[in-house]
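Spelled out from the first residue to the last, the chains are:
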Amino acid sequence: MTARVFISRDSGALCVGADEVAPALSKAADKRGLDVTIVRTGSRGMYWLEPTIEVERPEGRIGYGPVKSADIDSLLDADMLEGGKHPFSLGLIEDIPFFKRQTRLTFARCGIIDPRSLEDYKAHGGYKGLEKALAVGPEAIVEEVMNSGLRGRGGAGFPTGIKWRTVAQTPPQQKYIVCNADEGDSGTFADRMIMEGDPLVLIEGMTIAGIAVGATYGYVYTRSEYPHAVEAMEIAIRRAREGGMLGSKVAGSKYAFDMEVRVGAGAYVCGEETSLLESLEGKRGEVRAKPPLPAHVGLFGKPTVINNVLSLASVPIIMSDGATYYCDFGMGRSRGTMPIQLAGNIKHGGLFETAFGMSLGELVDDIGGGTRTGRQVRAVQVGGPLGAYFPRALFDTPFDYEAFTARDGLIGHGGIVVFDDTVNMARQARFAMEFCAIESCGKCTPCRIGSARGVELVDKIMADEDRAANITVLEDLCNTMKFGSLCALGGFTPYPVMSALTHFPEDFGASPKRLQAAE
Amino acid sequence: MPRYEPWSAKRASTIIAAHKHREGAALPILHALQHAFGCVPEGAIPIVAEALNLSRAEIYGTVTFYHDFRNEPPGRRVLKLCRAESCQAAGGDALAARAEEKLGVKMGETTADARVTLEPVYCLGLCHSSPAALLDHDRVFGMLDEAKLDALLKEAQA
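Residues numbered from 1 in each chain as written. Chains lettered and ligands numbered in written order. Predicted model: local features only at pLDDT ≥ 70, side-chain atom pairs only at ≥ 80, totals over all residues.

On to the overall build of chain A. Regarding its fold elements, chain A presents 22 helices and 16 strands. Relative to the globule expectation of 24 Å for 519 residues, the C-alpha radius of gyration of chain A, 24 Å, shows essentially globular dimensions. Referenced to the eigenvectors of the C-alpha coordinate spread, the extents of chain A come out at roughly 80 × 60 × 40 Å. Per-residue burial over chain A gives 58% buried out of 519 residues. (Helix = DSSP H or I, 4+ residues; strand = E, 2+ residues; numbered from the N terminus. Rg over C-alpha atoms; globule rule 2.2 N^0.38 Å. Buried ≥ 20, exposed ≤ 12 C-beta atoms within 10 Å, placed from the backbone.)

Looking now at the pairing of strand β14 (residues 377–382) of chain A. Residues and elements named next belong to chain A. With six of six residues buried, β14 lies mostly within the body of the structure. Pairing of β14 with strand β16 (residues 415–420), which is carried by five bridges, proceeds in the antiparallel orientation. When the bridges of β16 are listed, Q381 appears paired with V417. Where β14 and strand β15 (residues 389–391) come together, three bridges link them in antiparallel fashion. Within the sheet, the bridge partner assigned to Q381 lies in β15 and is Y389. (Pairing = 2+ DSSP bridges.)

Per-residue pLDDT for chain B has a mean of 96; in total, 99% of the residues score no lower than 70. Predicted complex, confidence summary: ipTM 0.97, pTM 0.96. (pLDDT = per-residue confidence, 0-100.)

On any regular strand, side chains alternate: one points to one face of the sheet, the next to the other face. Sheet topology places strand β7 (residues 217–222) of chain A next to strand β8 (residues 258–263) of chain A; six bridges connect them, and they run parallel. For Y217 of chain A, the partnering residue across the bridge sits in β8 of chain A and is D258 of chain A.

Residues and elements named next belong to chain A. Their axes nearest at 8 Å, the elements helix α17 (residues 425–439) and helix α18 (residues 445–462) cross at an angle of 155 degrees. Between α17 and α18, the angle falls in the class roughly antiparallel. When you trace α17 past α18, the crossing you get is left-handed. Side by side, α17 and α18 meet where A426, A429, R430, M433, E434, C436 and A437 of the first sit next to C447, S451, A452, G454, V455, V458, D459, I461 and M462 of the second. (Axes fitted to C-alpha atoms, helices over the stretch in contact; angles between N-to-C directions. Parallel < 35°, antiparallel > 145°, perpendicular 65-115°, else oblique. Left-handed = near helix turned anticlockwise from the far one by under 90°. Contact = placed C-beta atoms within 7 Å.)

Now for the sheet that holds strand β3 (residues 133–135) of chain B. All names here are of chain B. A sheet is described by the order of its strands in space; here four strands give the open sequence β2-β1-β3-β4, paired in mixed fashion. Edge positions in the sheet fall to β2 (116–121) and β4 (139–141), since each has one partner strand and no second. Between one strand axis and the next, the sheet turns through 20 degrees on average, direction left out of account. Both β3 and β4 contribute to a ladder of three bridges, which runs antiparallel. Counted as the bridge partner of L134 is V140 from β4. Lying over the sheet, helix α6 (residues 92–103) contacts β1 (77–82) and β2, oriented at roughly 155 degrees with respect to β1. Lying on the sheet, helix α7 (residues 146–157) is in contact with β1, β2, β3 and β4; it crosses β3 at an angle near 20 degrees.

The next thing to look at is the domain arrangement of chain A. Here chain A is partitioned into domain 1 (3–100), domain 2 (118–327), domain 3 (330–420) and domain 4 (425–518). On a C-alpha basis, the centres of domain 1 of chain A and domain 4 of chain A stand 47 Å from each other. (Domains from an automatic or database assignment.)

Attention now goes to α6 of chain B. All names here are of chain B. Look at α6: 16 Å from first C-alpha to last across 12 residues, which is about the 16 Å you get at 1.5 Å a residue. What α6 keeps buried is the set G92, L95, A96, A99 and L103. Along α6, the residues classed as buried sweep out an arc of 100 degrees about the axis, all on the same side. Away from the buried face of α6 by more than 90 degrees, exposed residues A97 and E101 are located. On its buried face, α6 is in contact with β1, α5 (85–89), β2 and α7. The first or second residue beyond α6 is G104, which carries a positive phi of 70 degrees. (Expected span 1.5 Å × (residues − 1). Arc of directions from axis to C-beta.)

In structure tokens:
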């Protein structure tokens, strides 16, 4: 009997040695005359357990991890292929609390299927959304996406259905679907996981979008820092094309849709949608002023739907299971699920997809298990380099767009970076300004000049030069950047800076000498 | 291990011709040129400009906008250490300083023997396993500590 085992080929597994474990297992099995088929999957998102070997058993998949190639012999000695006990046993993978507590809608197949197989995708419910979309037609698709309450998962949270309707209402002409896969925020990796672990769901989502708005071509714009995602997407697009799911007659229908991957060149600002469009056109990634909206004048001046990976990847399940099903998850105006990414100094680093509404503290302390160093969590940055730093005092904030906004923060793309009590928050504020200065496209003055001045100001504050006066100038500068910048890079850099200053004032040069002088 | 071709205008024209028909061809062309030559040499700019019917200034502006494009080839191996927040939180700053010291270069520089170019990168999307690094085009490393970094540096210098 052939034993089927699963080992992830996600970058997160490769970076801790999965590509050594897989051949070592196959070699050891050969030597023992064991018949083993190794399927390379995406990731379940439990990265602290990688590399994980999952063995298919009648009761489900039994996990072992984290495994090194040197452990293979002892695992085989312990009858791993029959689900035998071993110190690395994790039991049934889907019973691990981190996994069991999730609501996996967008990531339902991630870590389970072979991302390079169209058959496997279809066998696990893939292309059911497209089938439904073809049956109901463009107007009903837009209606369904509107009713689902889906909001842009890239960060801004703009209703996806409204973007689609705007493009659908433009006169028939060349239109485009652009997937923003320029996931540059530190602390985020959900887009990468989808592209590497379930790329066909993104292709299906883009195809449905194309049919809905009358677009025949799509681009996935991703990062040069994501070589494995690029490869996985390109293979999946080829498979979809070979299987008749892309091309002049999508799934044998009257609709045409095809797509390709484009790779950026290391510019963070290209994650901003208009800058991304400029980059796709082959230009400097400078931000465009809005209006006109990309929905009217987008890529090459044509009407363009531009959505994040997670937004597009959520569309197939909305179509197959219905807007109501999706909308029933979540709270307030934040509907559906959000893949939350736990990162930084965290014990259980990984992706946790759940309905909106779980508290920040529960996510960090309970799900994430606190810090990897075992020290006290002092601050978390939510929403990437442009997100606010939250202290423990705000850990009761529910994970929801509006709740974070109300506390001068943002959930952005759903990344949470955890810092222990060794962090210096003034340095983090300085870094936020420095990062903005490095990555500014240079088009607007508040961002281009403001960020450079911001670095100097924080330096002066940390060096105790005219501290009180410079803090006032820094606050003023942040205000100018927030309201005067063209896009979110300059506009949101004040979030990490101001939150650090507000919640951790003691880190801003308040030396003992200074404190005494102040008293 | 990357080996780059010596600059040749003729070869550059062939590479450009393979991509120039694509919509918004500039980035794919520049990537392909860098893949072949290890950089986008100055001599390539007028050729790209002519092929795309754009001005030299426009192509120069595009090339210099993006962090990825180099004007001279890097060392034999390129090691990128992630310097973004998640890796900072997990001890990345100390590792970056260690790498600089062991290689005897600053971030962005190449060792005197031209073996290793050390560069910062702002996020490899491996933040669940910070600190992270990328060697050459696609070899990823996570959960770095001093011992793992030292092994990585040794490999890069070999």
